[in-house]
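# Secondary and tertiary structure notes
Each chain, written out:
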Amino acid sequence: MLRKLLILVLLFTAACGTPTPQGLLPTVAVLPSLTATLTDVPTATPSATPLPSATPSPSTTPSPSVTPSPSQSPTPSLTPTDTLTPTPVYAQLGAYIGPLAGEVSGEFIASFERHVYTVAGSAGEWLIVAMNGDNSPVDPVITIYDPLGNPLALDDDSGGNGAALLNGVRLPTTGEYIVQVAGGVSGRYTLRLTRSASAPVVTAIPLSPTALPPVGTVTPAPASGHTLRDHVPVTAVLEPRGMARYFIEAEVGDFLTIAARSISPSANLRLEVFNPAGEIMISLNANESAAFGDVLIPALGVLEAGTYTVILRDDARIGGAYTLSYGRGSSHSDTLRGGIPVDTPVRGNLERRGLRDVWSAYWAQGDHVAVEVLVDNANFAASYQLIAPDGTLVAASVTTPDGAPLIDIPIPASGLYQIRVEGTFARTYGSYTLSWRYVQQGATPTPVAGLVPVMRVEDTVLARTSPLYPFQGRAGDHVRIRVLGVDGFDPLVLLLAPDGASLIGSDDVDGLNPIIDYVLPADGTYFVEIGGYGGTGGTMQLIIERWE
């Protein structure tokens with residue numbers, strides 16, 4: 001094909017007569033191969049892409065100065081919201097004066113003022129705080145509070161001549177204690193603090209022996225719970241068709257004597273006792289008891305340990321106020337008889353079944369004593385026991401022919417002992433004569449029993465109020481609490497345990513004046529609650545002493 005094409009070209013040239021210069025060959029345009037050369041598809045002339053409107057050169061943004069990574073600055077903690085400064089415990093007790101050290105002087109501008117001092121104390125430390133008026137009418141009163149603001153002890157007149165004295169307050173914990181003082185009127189005073197690592201030595205005031213000490217039955221305390229305490233009577237009100245439920249914790253071998261007495265003479269109270277399994281043991285009413293109006297369950301034997309339930313009802317469906325008490329042994333309630341001197345016979349009388357007389361005598365370790373009880377009636381079988389200061393039994397006997405007389409009893413420790421007299425198994429009662437003598441005295445002669453002042457307060461009890469007076473006590477302390485009414489005031493007194501439980505009450509032991517003679521069961525702050533009979537008010541003197 002190419003050859004033919006060349007021939008055609010040559011022929012065409014010859015015909016045209018155009019001389020070909022010598023040696024000059026025509027430029028051969030080399031055609032593309034017979035494969036048709038595709039005519040380029042005309043590329044559409046692109047519509048002129050408008051030049052972008054000149055984006056104004058950004059004003060030169062200055063290169064941001066390199067923000068240095070925060071030098072690992074800690075993330076700031078949130079600014080705490082201001083917390084309120086806690087109000088000091090003593091803020092409600094009076095005007096704060098400052099820390100108390102040694103002796104300070106102060107002045108009350110008004111009668112209602114209370115001044116407050118603080119004392120940094122350690123657990124087990126003893127404080128002695130004394131206050132007197134500086135030739136002024138100030139009547140000093142001191143109260144010590146623990147770091148939480150709870151009262152520990154109070155005094156008004158124990159320092160003599162109107163001065164206040166807290167002679168030995170043992171600090172239970174380490175902390176800041178509060179001493180509050182008052183004076184009742186305007187005037188100057190002196191306050192003195194003494195510290196000690198041991199209990200201060202206090203001289204007991206000897207008693208003037210008396211053959212006939214005050215006599216009185218322990219006044220029932222308002223029922224503050226449903227568990228009865230040994231020889232602690234309670235009082236409450238029974239609805240006409242109601243029922244009262246109480247509990248007694250007992251051990252195998254115990255004997256329980258239980259009694260209830262109604263204020264209403266026409267009531268006929270009934271007692272029912274159930275064992276720990278809920279089985280009824282006995283049911284008895286007052287008419288069946290033949291105990292001068294009491295419903296009396298005498299010396300009920302305990303065969304299994306546990307909680308016994310006592311149900312009280314009124315068969316007459318009258319109800320009203322009543323008293324209820326129980327005791328381990330042959331009695332349920334005590335009559336406090338006071339001290340009995342050596343070689344001085346005294347007369348006693350159990351007025352009805354279930355009562356117990358309590359006498360006291362001070363003996364020293366190493367003493368040997370003989371105790372004798374003589375009954376007036378052979379039908380009266382009296383049992384009597386000697387009880388140590390810690391409450392343990394030292395010796396016991398009965399007046400029946402088979403009873404061994406207590407003719408030579410060694411005294412194991414010095415202290416105030418009790419002689420308790422009751423009818424055997426709460427089945428008899430009557431009058432008797434009690435006496436004791438030395439068989440042998442210990443190497444150290446027995447000191448005359450004495451009382452150490454603990455608290456003395458004169459105060460006015462408002463009508464229908466029952467103020468509390470705190471004092472410190474230790475387990476085994478034998479205290480005597482007396483309340484003397486002034487100008488005809490008839491006071492009632494109740495002793496409360498550190499946990500607030502009612503321990504024992506009293507009324508009309510010495511005339512209209514109540515007396516409590518009691519061995520404290522534990523360390524702590526006790527409270528004496530005082531009110532007026534029938535809600536009346538009046539002035540009284542409270543005297544608390546400890547037997548030594």
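Not measured: the values here are computed from a predicted model.

### Notes on the overall build of the protein chain
Of the regular secondary structure elements, the protein chain holds two helices and 37 strands. Put simply, of all contacts in the protein chain between residues at least 6 apart along the chain, 75% involve residues at least 24 apart.

### Focus: the environment of Arg 480
Following the sequence through the fold, Arg 480 ends up in strand β32 (residues 478–486). By relative accessible area, which is 18% here, Arg 480 ends up buried.

### What about the sheet that holds strand β4 (residues 126–133)?
Read across the open sheet, the four strands follow the order β2-β9-β4-β7; overall the sheet is antiparallel. At either margin of the open sheet sits one strand with a lone partner, and together these are β2 (103–108) and β7 (164–170). Ignoring strand direction, the axes of neighbouring strands in this sheet form an average angle of 20°. As paired strands, β2 and strand β9 (residues 187–196) are joined by six bridges and run antiparallel to one another.

### Notes on the packing of aromatic side chains
Using the criterion set out here, one finds eight aromatic pairs in the structure. Among the aromatic residues, ring-to-ring pairing joins Trp 363, Tyr 417, Trp 436 and Tyr 438 into one connected group.

### Considering the pattern of salt bridges
All chains considered together, the criterion is met by 14 salt bridges. Linking Arg 480 and Glu 545 is a salt bridge whose minimum nitrogen-to-oxygen distance equals 3.1 Å. In this pair, Arg 480 is assigned in strand β32 and Glu 545 in strand β37 (residues 538–547), connecting sequence segments 65 residues apart. Neither residue differs from the other here; Arg 480 and Glu 545 are each classed as buried. If you follow the salt bridges from partner to partner, you end up with Arg 261, Asp 294 and Arg 352 in one network.

The rules behind each value
- Residues numbered from 1 in each chain as written.
- Predicted model: local features only at pLDDT ≥ 70, side-chain atom pairs only at ≥ 80, totals over all residues.
- Heavy atoms only, no water.
- Helix = DSSP H or I, 4+ residues; strand = E, 2+ residues; numbered from the N terminus.
- Contact = heavy atoms within 4.5 Å.
- Buried < 20%, exposed > 50% of the residue type's maximum accessible area, 1.4 Å probe, protein only.
- Pairing = 2+ DSSP bridges.
- Axes fitted to C-alpha atoms, helices over the stretch in contact; angles between N-to-C directions.
- Phe/Tyr/Trp six-rings, centres within 6.5 Å; stacked < 30°, edge-to-face > 60°.
- Salt bridge = Lys/Arg side-chain N within 4 Å of Asp/Glu carboxyl O.

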